[in-house]
Amino acid sequence: MYVRLQRVRQNGRTYEYVHLVEGYRDAAGKVRHRVVANLGRRDRLKASGALDNLAAAFTRLDPLPGRYTCGALPLVAPILRRLDLAAIIDRACPMRGRARLTHGEVISALVANRLTAPRPLYDVQGWAEAYAVGAWLGTPAALLNDDRLGRALDALAEHVDELSGALGMAAIAAYGLDAARLHWDFTSVAFCGDYPKQDPKAPQVAYGHSSDHQAHRRQLKLAQAVTAAGVPVYHRVVSGGRHEGAASLELLERLRALAAPRRLLVVADAGLVTKANLALCQRAGMHFVARLPRQFGYEPAALALEPAAFRRLHYCSERARRKPVRERPHFAGAESKLTVTIDGEPLTFRVVYIIGSEEREAARTNRAGLLARAERDLERIARGLAKRPVKDRTEAERRVARALQAGRVGDYLRTELSADGRSLRWWRDEAALATASRRDGLYALVTNLTPSQACTSHLLQLYKAQTVVEQAHRTLKGPLLVRPVFLHSNRRAAALVAVCAYAVMVYGLVEAGLRQGIAPARTLPSLLPEGRAARPTAANIFAAFAHLGFHRVRTRDGLKELPDPLTPTQQRILSALGVPSILPP
């Protein structure tokens, strides 16, 4: 049985009819064909979407033989089912009428695509065919065209915040995650295009401070809340030009609900610390540890302290433990207080001044390099003035200012230009350099935890664990390939960023699940390509399955699927995660 197009000419126009044709043998043994059903005119079927539904139905009933890649889909598909991702989205974004494919199924396929082989929206259908997504997720590849993906993103955009909280709750319930401590931070995602007309109800693609230190790029901002185990459980997409510190009581309530019934501890960076946010956390009964911005003016008080006031802190990162004891970075801390007045009410918080040896050496090395670069530029300008003096002294002053500004060392170099603009001399301001040297490696942490709840060393340890959310940001822009992209509307742009955040959650669940599955061991033998043992990370776990696949062949007993042989490392990973096979269920 197969589908055939029948061309019919009527009134000077040619129409195509879709027929379902059956092959059979007549009494003489000859092969004959007969029309079983006339499905309708092709143009009408295509306009109504029925043609795609028919193609999908045939795909489900008769999967094609051939070679298929599965990659990390055997790890991803069980998590998507356990989270009930498609059903959660379908409850928030119900479909009207009898649709062959729901929004939840489309978004689930899009999440799986970001985790296995990220493709542009117009090529997701090709990926789905190559990876036999219909067998893994029940989503026919024929329906995953860019138009259907766009409609699903439009529907998702209406419920992004609602779905973020629902998925976080689902992950905590399904995997028993400890959300009493959340690391919160923003990153930026760049977009191409002008976006002249944007939906005012959706996050705006706009210019703003870039986390990648890139200027003149339109962007959206994404905040992620990550557990101590490295699993993102909540995210928020906001406008690209929005200040990171613009939090609200609603956001704090959502985060507190994830930690319930335990009391929430939020660890954040300096961009989120404002007087209003400190007051909100205090009044909402939440604990927090964050880096105090320099705008709060804590440096003079910290520099006025005697060196004896700074005590050695007991903290050493895992990376530093590999070094000899003498070469390990060390930290010193001193306690203080911060009082802010909000609506006439004074609030007092605990402040810890930190001096890190590694940060201090990095700052001094960086400043020495910037000074050397600026002095080379000034020397070049001086040689040029000696050979060819400028007619306008203002032009020479402008060149010197550009050289100092480019090197960001205007506070440390003093210049003198002759009256005729023919010579230039410069020297270092040793007093300014000495003052800057005292500030090197100095920063402050602010918290409402008491010393009995967390000592100074423990506060530093909590803040240094902020790397888990930074790793989530790197995953978003690295393996998931959230690069500068273009979409027709800011609604779809925000929804696509949300989809990538769902993928980062699954990414983290795979990593956390494998580490728990091999405990108390910390490393997995032959995990890296060169055969070395390593601690499992989501990146090297997914890389271990990158080229895995199976063959689907016809036999006398019907279609059979033959998996590729597994390495011992792949078998250990599947066993630790409880995945029985790399074949579709």
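Residues numbered from 1 in each chain as written. Predicted model: local features only at pLDDT ≥ 70, side-chain atom pairs only at ≥ 80, totals over all residues. Heavy atoms only, no water.

Asker: Now, about the confidence of the model for the chain: what can you tell me, with residues and values included?
Answerer: Of the residues in the chain, 95% have a pLDDT of 70 or more, and the chain-wide mean is 88. When mean pLDDT is compared element by element in the chain, helix α3 (residues 73-83) scores highest at 96, while helix α2 (residues 50-61) scores lowest at 62. (pLDDT = per-residue confidence, 0-100. Helix = DSSP H or I, 4+ residues; strand = E, 2+ residues; numbered from the N terminus.)

Asker: An account of the environment of lysine 221 is requested, with residue identities and associated values reported.
Answerer: Residue placement: lysine 221 occurs in strand β7 (residues 218-227). A residue is classified by how much of its surface remains accessible, and lysine 221, at 4% relative accessible area, is buried. C-alpha of lysine 221 to C-alpha of alanine 180: the two residues are 41 residues apart in sequence and 25 Å apart in space. When near neighbours in sequence (up to four residues on either side) are disregarded, lysine 221 contacts Phe186, Thr187, Ser188, His209, Arg236, Val237, Val238, Ser239, Gly240, Arg242 and Glu244. Of the polar contacts made by the side chain of lysine 221, one reaches the backbone oxygen of arginine 242; its length is 3.0 Å. (Buried < 20%, exposed > 50% of the residue type's maximum accessible area, 1.4 Å probe, protein only. Contact = heavy atoms within 4.5 Å. Polar contact = N/O pair within 3.5 Å; in protein donor to acceptor, adjacent residues only side chain to side chain.)

Asker: How would you summarise the packing of aromatic side chains if you had to cite specific residues and measurements?
Answerer: All told, the structure shown has nine aromatic pairs when counted by the stated rule. Measuring from centroid to centroid gives 6.2 Å for tyrosine 298 and tyrosine 353, while their planes differ by 20 degrees, and the two rings are stacked. Taken as a pair, tyrosine 298 in the loop between β10 (287-291) and α12 (299-303) and tyrosine 353 in strand β13 (residues 345-356) lie far apart in primary sequence, 55 residues in all. Note on tyrosine 298: relative accessible area 5%, which makes it buried. Between tyrosine 315 and phenylalanine 331, the ring centres sit 5.6 Å apart and the planes meet at 65 degrees, which makes this aromatic pair edge-to-face. Residue tyrosine 315 is found in the loop between β11 (311-313) and α13 (318-321), and its partner phenylalanine 331 is found in strand β12 (residues 331-342); the two are separated by 16 residues along the sequence. Of the residues examined, tyrosine 315 reaches a relative accessible area of 18% and is grouped as buried. Taken together through their ring pairs, the aromatic side chains of Trp184, Phe186 and Tyr234 make up a single cluster. Above the face of the tyrosine 175 ring, arginine 82 is positioned so that its terminal group lies 4.1 Å from the ring centre. Here the basic side chain of arginine 552 rests over the ring of tyrosine 68, its NZ or CZ set 4.8 Å away from the ring centre. (Phe/Tyr/Trp six-rings, centres within 6.5 Å; stacked < 30°, edge-to-face > 60°. Lys NZ or Arg CZ within 6 Å of the ring centre and 35° of its normal.)

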